[in-house]
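Okay, here's what each chain looks like letter by letter:
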Amino acid sequence: QIANNYVELDSLDKALHYGRISAQLLKNSNQCYELESIATLANTFLKRGDNDSAKFYSARMRRIAKDCNNLGYQAISAINLATVDKSLSLKEKGELLLEANELAIRSGFSEIEKEVAIELSKYYKAQRNPELSLRYFEKYHQINDSIFNAQKIRAFSVAEAEFELKNKKQKLQYEQQKATMKLEEEKKRLSLGLIAAAFLTFVLVVAGYLVYRAYTGQSRANEKLSQLDKFKTRLFSNINHDLRTPL
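Keep in mind that this is a model prediction, so the values were computed, not measured.

A. Focus on the overall build of the protein chain. Within the protein chain, the secondary structure is distributed over 8 helices and 0 strands. Of the regular secondary structure in the protein chain, the N- to C-terminal order runs α-α-α-α-α-α-α-α. Expected size for 247 residues packed as a compact globule is a radius of gyration near 18 Å; at 51 Å, the protein chain overshoots this value by more than 25%. Seen through its C-alpha atoms, the protein chain measures out along the principal axes to roughly 175 × 45 × 30 Å. The proportion of buried residues among the 247 residues of the protein chain is 26%. Counted over contacts in the protein chain with a minimum sequence separation of 6, partners at least 24 positions apart contribute 49%. Split by element, the accessible area of the protein chain, about 18200 Å² in all, is 57% carbon and sulfur.

Listed below in structure tokens is the structure:
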């Protein structure tokens, strides 16, 4: 992936460096895993104008892609070989491009089919067949427009999905804020209820204490009155007794 990124940035030396590392790491694994690394190396050498190296890796890619039944890489390798193999006759080059076109259609990769179409347009132009050259040139533009429209639709779908996600996120945040506010209100109500309950409990305790004190004081007063009544009764009894008894 790093190598591919450097190819897109036209940092071809770095692309070759990481492409070779990737190919070396995958050398002893399943050869199908090597395809992407080999394709990256072939594409890099093609961009550098090193046709011999591009031909070597394209031929290797073609062999592995056939063994792995990978139609996309078979088509790419055929396009590369038709471009870089100068030993091919025009007929052989045309056969390779037509094979690449069929493979690209079967693979379903529009980008590869587009690349084949422009190469076939150039090929038929060199063959002085303007009708077929124009046909493939128009096909190239049709595929290009189709890819562009698909990209626009995909970009619109992504933007729409992001917009919906943003709305859902905002709605979720709003619901969370609302729930938080409701929870805070419930906490306040609960706090006020607890304060009121504590105050009422305090009032009841104080009132009970005062009633208890009043009751206790009344009991003591009644007891003192009872003692006074008894004292008065004994006093009058003694006086009465003394008055009746002669000295």
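B. Region of the structure containing the state of the cysteines. Per the stated rule, a full pass over the model turns up 1 disulfide. Two residues share a disulfide in this structure: Cys32 and Cys68, whose sulfurs sit 1.9 Å from each other. Where Cys32 bonds to Cys68 through sulfur, the torsion about that S-S bond is close to -100 degrees, and the disulfide is left-handed. Here Cys32, found in the loop between α2 (12–25) and α3 (35–48), pairs with Cys68, found in the loop between α4 (51–67) and α5 (71–84); they are 36 residues apart in sequence, far enough to count as distant.

C. Looking closely at unusual backbone geometry. Unlike most non-glycine residues, Asn69 shows phi in positive territory, near 55 degrees. With respect to the helices and strands, Asn69 occurs in the loop between α4 and α5. Positive phi values are uncommon outside glycine, yet Arg128 reaches one of about 60 degrees. By the element assignment, Arg128 lies in the loop between α7 (110–126) and α8 (130–244).

D. How the structure looks around the packing of helix α6 (residues 90–107) against α7. Contact geometry for α6 and α7: axes closest at 9 Å, N-to-C directions at 155 degrees. In terms of orientation, α6 lies roughly antiparallel with respect to α7. Here α6 runs over α7; the crossing is left-handed. Here α6 contributes Leu90, Lys91, Gly94, Leu97, Leu98, Ala100, Asn101, Ala104 and Ile105 to the contact with α7, which in turn contributes Ile112, Glu113, Val116, Glu119, Leu120, Tyr123 and Tyr124. Classifying every residue of the contact of α6 with α7 by side-chain character gives 11 nonpolar, 2 polar and 3 charged.

E. Here's a closer look at the pattern of salt bridges. The full count for this structure, using the stated rule, is 8 salt bridges. A salt bridge links Arg60 to Glu34; the shortest N-O distance between them is 2.9 Å. Note that Arg60 is positioned in helix α4 and Glu34 in the loop between α2 and α3, a separation of 26 residues in sequence. Overall, the relative accessible area of 22% leaves Arg60 in the partly exposed class. In this structure, Arg189 and Glu186 form a salt bridge, with 2.6 Å as the shortest nitrogen-oxygen distance. With Arg189 and Glu186 both in helix α8 and 3 residues apart, the pair spans about one turn of that helix.

F. Region of interest: the side chain of Ser58. Considering the arrangement of structural elements, one finds Ser58 in helix α4. Residues within four places of Ser58 in sequence aside, it is in contact with Ala42, Ser77, Asn80 and Leu81.

The rules behind the values
Residues numbered from 1 in each chain as written. Predicted model: local features only at pLDDT ≥ 70, side-chain atom pairs only at ≥ 80, totals over all residues. Heavy atoms only, no water. Helix = DSSP H or I, 4+ residues; strand = E, 2+ residues; numbered from the N terminus. Rg over C-alpha atoms; globule rule 2.2 N^0.38 Å. Buried < 20%, exposed > 50% of the residue type's maximum accessible area, 1.4 Å probe, protein only. Contact = heavy atoms within 4.5 Å. Areas by Shrake-Rupley, 256 points an atom, 1.4 Å probe, with all protein chains shown as cover. Disulfide = S-S within 2.5 Å. Axes fitted to C-alpha atoms, helices over the stretch in contact; angles between N-to-C directions. Parallel < 35°, antiparallel > 145°, perpendicular 65-115°, else oblique. Left-handed = near helix turned anticlockwise from the far one by under 90°. Nonpolar A, V, L, I, M, F, W, Y, C, P; charged D, E, K, R; others polar. Salt bridge = Lys/Arg side-chain N within 4 Å of Asp/Glu carboxyl O.

Spatial relationships are all this shows, so hold off on functional conclusions.
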